[in-house]
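Take a look at the letters that make up each chain.
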Amino acid sequence: MAVSWVILVILVLNVVLVTSSPTPVNNYQVLAGHQVWRTEGEREAAAVMGRLEREGLVDVLGHGTVSAVRVFPESKDVVSASLRREGIKYQVVIPDLRSHFAEERRRVKKELLSSRQMETCLESDCPKPLTQRYMTFPEMEWYLHDLKARYSRVELKSIGKTFENRDIWMVHIKPTAARGTIKRDAIWIEGGIHAREWISEAVTLQLLDRLAADNTSLTRNIDIYSVPIVNPDGYEYSRTTNRMWRKNRSIDPSVRQDCPGVDLNRNWDEGYGVGASTNPCSDTYQGRNPFSELETRALKKEMERVSSTNNFRLVMAVHSYGQKLYYPWGYTREKAPYTAEMKSAGEAFAQAASVRGRGRRGTQYEVTSSSDLYLASGATDDWSKGALNVKYVYTLELPDEGFHGFALPPSHIKSASRDVWRGLKKLIPLAREK
Ligand SMILES: [Zn+2]
């Protein structure tokens, strides 16, 4: 009898492990033959790659002293010819993305199985956002409901539905000691607008966990709003089908049905169109018109509401990767209002969030203007600045600097969250100074 119980427990454990591990349904087959190339020469490469991306020939993964791009199987020859013509050297760093991710999944699974204290997250019990693996969207929803159940100051509201009918959840962390009827300060944290940047949701949930639990002056008298998973359709598609998916999953019958999705961070109405693509097959497709998407419309409505009821002090959109804190504008090289203030408060964030050390032990955040390397429009940050006049506006690019890129192993969730929390504790009070 005892033996059969042991077997049963092992079987149940296996089921939990199997069902709760991030198992893609089709092995990322769509990425077969896709390569990652690295190019040298910052500005020249960024300009050429931007153009090729708008034409739907490559997918720009990140810029820096080297640029990384995903090159589609059918566009290898034309991209290579373009680069040669411009005198830009390149190197193939990942020859096949499908097998690259298959290998990565095997490694993470092995790590997961060997870790002694396995984190679990079930429908009825999800008390902490996970740090050993990336959560599924339903798990994140369960966690948000749990957060609301645990803290009376937390409100949870669906602010709309996506194209595939998932909820867009907004968390409101209320002040613990609100005084009178004066307009309170408010901050806004956006996570997961880009599907493949999984670390964004993971870190945003960790931050909400810490903010809700905070009983210091940091959060005593402010309203904190957050939409931690802006793009659940894209996130789930990235988990199950195409790890490199960036856009949402909407289909516009008046455009073309074979290229779904709009880049939600090119869909806001501020400088709309600059540096974005009008090609629906491009990863930076801006959509048919500004706010054509359910997600951006839902966010706009709520942010406008907050702006009318509160003193909106700070907007932070959390992305990956690059370890950068960007301030507006992104669509023009002109100076945005309060650039000096955004820069100096941003430096305080970066100093607190950066960890000294080389390689994996160190994380250095750099503060710079969004338009530093190339122009891009239609993003949350520019709209918050331009339409709502929020004084402190940032786009945060989480780790790393490109070694893992979007496929940052879940073992980094803890340190990335800890660092950002340190930075935020410096930034929030600075953003509230009049
Ligand atoms: Zn992003």
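Up top is the structure.
What is the right way to read the overall build of the protein chain from this model?
Within the protein chain one finds 12 helices and 12 strands. Since a compact globule built from 434 residues should have a radius of gyration of about 22 Å, the 21 Å found for the protein chain is in line with a globular shape. In terms of principal-axis extent, the alpha carbons of the protein chain reach across some 70 × 65 × 50 Å. The long-range share in the protein chain, meaning contacts at least 24 apart out of those at least 6 apart in sequence, stands at 75%. Surface exposure of the protein chain reaches about 19,100 Å², of which carbon and sulfur atoms provide 52%. Here the protein chain carries 61 positive and 53 negative side-chain charges, and the mean point of each set is 4 Å from the other.

Could you clarify how one ought to interpret the environment of Leu 430 in this entry?
As for its position among the elements, Leu 430 is in helix H12 (residues 413-432). Separated by 117 residues in the primary sequence, Leu 430 and Arg 313 have C-alpha atoms spaced 9.7 Å apart. Not counting chain neighbours up to four residues away, the residues in contact with Leu 430 comprise Ala 345, Ala 348 and Tyr 392.

Help me understand the coordination of the zinc ion, please; the structure alone is not making it clear to me.
Octahedral six-donor coordination of a metal ideally yields angles of 90 or 180 degrees, compared with 109.5 degrees for tetrahedral four-donor coordination. Bound to the zinc ion on the protein side are His 194 (ND1), Glu 197 (OE), Glu 197 (OE) and His 319 (ND1), at distances that span 2.1 to 2.4 Å. With four donor atoms in place around the zinc ion and angles of 57 to 146° between them, the coordination shape is irregular. Here the donor residues of the zinc ion share one chain and are spaced in sequence as H-x2-E-x121-H. Here His 194, found in the loop between strand S7 (185-191) and helix H6 (198-213), pairs with His 319, found in strand S9 (residues 311-320); they are 125 residues apart in sequence, far enough to count as distant. His 319 carries the same exposure label as His 194, and that label is buried.

Explanation requested: the packing of helix H10 (residues 339-353) against H12 in the structure shown.
When two helices pack together, their arrangement is given by the angle between the helix axes and the distance between those axes. One way to put it is that H10 packs onto H12 with a least axis distance of 7 Å and a crossing angle of 150°. By the angle class used here, H10 and H12 are roughly antiparallel. Crossing handedness for the pair H10 and H12: right-handed. Across the interface between the two elements, Ala 345, Ala 348, Phe 349, Ala 352 and Ala 353 from H10 touch Asp 419, Val 420, Arg 422, Gly 423, Leu 424, Lys 426, Leu 427 and Leu 430 from H12.

Looking at this structure, I do not really get the packing of aromatic side chains. What am I missing?
Any pair of aromatic rings gets described here by the distance separating the centres and the angle formed by the planes. Evaluated as defined, the whole model comprises 13 aromatic pairs. With 5.1 Å between their ring centres and 45° between their planes, Trp 268 and Trp 383 make a pair best called tilted. One end of the pair, Trp 268, is in the loop between helix H8 (232-240) and helix H9 (294-309); the other, Trp 383, is in helix H11 (residues 380-386), with 115 residues separating them in the sequence. The same class applies to Trp 268 as to Trp 383, namely buried. Measuring from centroid to centroid gives 6.0 Å for Phe 349 and Tyr 365, while their planes differ by 75°, and the two rings are edge-to-face. Taken as a pair, Phe 349 in helix H10 and Tyr 365 in the loop between H10 and strand S11 (366-369) lie far apart in primary sequence, 16 residues in all. Of the two residues, Phe 349 and Tyr 365, neither departs from the other in class, the shared state being buried. Arg 249 extends its terminal NZ or CZ atom over the ring of Trp 245, reaching a point 4.7 Å from the ring centre. If you follow Lys 300 out to its NZ or CZ, it ends over the ring of Phe 291, 5.3 Å from the centre.

Parameters at a glance
Residues numbered from 1 in each chain as written. Predicted model: local features only at pLDDT ≥ 70, side-chain atom pairs only at ≥ 80, totals over all residues. Heavy atoms only, no water. Helix = DSSP H or I, 4+ residues; strand = E, 2+ residues; numbered from the N terminus. Rg over C-alpha atoms; globule rule 2.2 N^0.38 Å. Contact = heavy atoms within 4.5 Å. Areas by Shrake-Rupley, 256 points an atom, 1.4 Å probe, with all protein chains shown as cover. Lys, Arg positive; Asp, Glu negative; His and termini not counted. Charge placed at Lys NZ, Arg CZ, Asp CG, Glu CD. Donors = N, O, S within 2.8 Å, 3.2 Å for Na, K, Ca; no water. Tetrahedral: all angles 85-135°; square planar, octahedral: opposite > 155°, others 65-115°. Buried < 20%, exposed > 50% of the residue type's maximum accessible area, 1.4 Å probe, protein only. Axes fitted to C-alpha atoms, helices over the stretch in contact; angles between N-to-C directions. Parallel < 35°, antiparallel > 145°, perpendicular 65-115°, else oblique. Left-handed = near helix turned anticlockwise from the far one by under 90°. Phe/Tyr/Trp six-rings, centres within 6.5 Å; stacked < 30°, edge-to-face > 60°. Lys NZ or Arg CZ within 6 Å of the ring centre and 35° of its normal.

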